[in-house]
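Working through the structure, step by step
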Amino acid sequence: MQTRFLTSSLREKLKSPLGLLIKGSFDETMRKLKELIEKERPLMVISVGDVVSNNMIKHSVSPQVLIVDNKVMRDPITPIPVQVDQTLCAKNPPGTLTNEAWSIVQEALKREKRTRVLIEGEEDLLTLAAVLCAPENSFVVYGQPYEGIVVVKVTEQKKETVRQIVETMELCFEKLK
């Protein structure tokens, strides 16, 4: 996978939820997420973003993989207090999807250990990598600012939709610093 950049038209498209939007307060969205997990029994739960990951942990919903950047709306925060078996790190500048970050997400999803993926830069677009790399019937959960959370159930059809989005991103032929 080559490094790709988000285009302005894709930026608009990605403001729409990729999956089920659960609206409400943190307590409401976490209660509904727990119910959905009990009902669907996903193979794996992956969280993308510091706010959603922190709220899941506070509400006893344990993601196997947490993808975070220790920032909220680009402002630094105290790292989420969570027990993990390992932390993997990668660089991923805002508006990009780097090969390094993609590979780290892929590696984290293959392991049988609870893993924190710590991103230097921005983790938002790694939702795409998580959907494409996660096993089918997994949940990828991310925040929808000022609305709630989005739960993406990984299916072959959802992977195809995300694959098309990634292929629409601009390729980078220069080495990122």
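This text goes with the structure placed above it.
In short, a report on the structure. (Residues numbered from 1 in each chain as written. Predicted model: local features only at pLDDT ≥ 70, side-chain atom pairs only at ≥ 80, totals over all residues. Heavy atoms only, no water.)

Our next topic: the overall build of the protein chain. Across its full length, the protein chain holds 6 helices and 12 strands. Its C-alpha atoms put the protein chain at 45 × 30 × 30 Å along the principal axes. The proportion of buried residues among the 177 residues of the protein chain is 47%. Considering only contacts in the protein chain between residues 6 or more positions apart, those separated by 24 or more positions represent 70%. With an accessible surface of roughly 9,600 Å², the protein chain has 50% of that area assigned to carbon and sulfur atoms. (Helix = DSSP H or I, 4+ residues; strand = E, 2+ residues; numbered from the N terminus. Buried < 20%, exposed > 50% of the residue type's maximum accessible area, 1.4 Å probe, protein only. Contact = heavy atoms within 4.5 Å. Areas by Shrake-Rupley, 256 points an atom, 1.4 Å probe, with all protein chains shown as cover.)

Here we take up the pattern of salt bridges. Applying the stated criterion to the full structure yields 8 salt bridges. The partner of Glu-35 in a salt bridge is Arg-31, and the shortest N-O contact between them spans 3.2 Å. With Glu-35 and Arg-31 both in helix H2 (residues 26-40), this residue pair falls 4 residues apart, about one helical turn. Arg-111 serves as the salt-bridge partner of Glu-107, at 2.1 Å between the closest nitrogen and oxygen. On the basis of relative accessible area, Glu-107 is assigned to the partly exposed category, the value being 30%. By relative accessible area, Arg-111 is classed as partly exposed at 32%. Several salt bridges share partner residues, and in doing so they unite Glu-156, Glu-160 and Arg-163 into one network. (Salt bridge = Lys/Arg side-chain N within 4 Å of Asp/Glu carboxyl O.)

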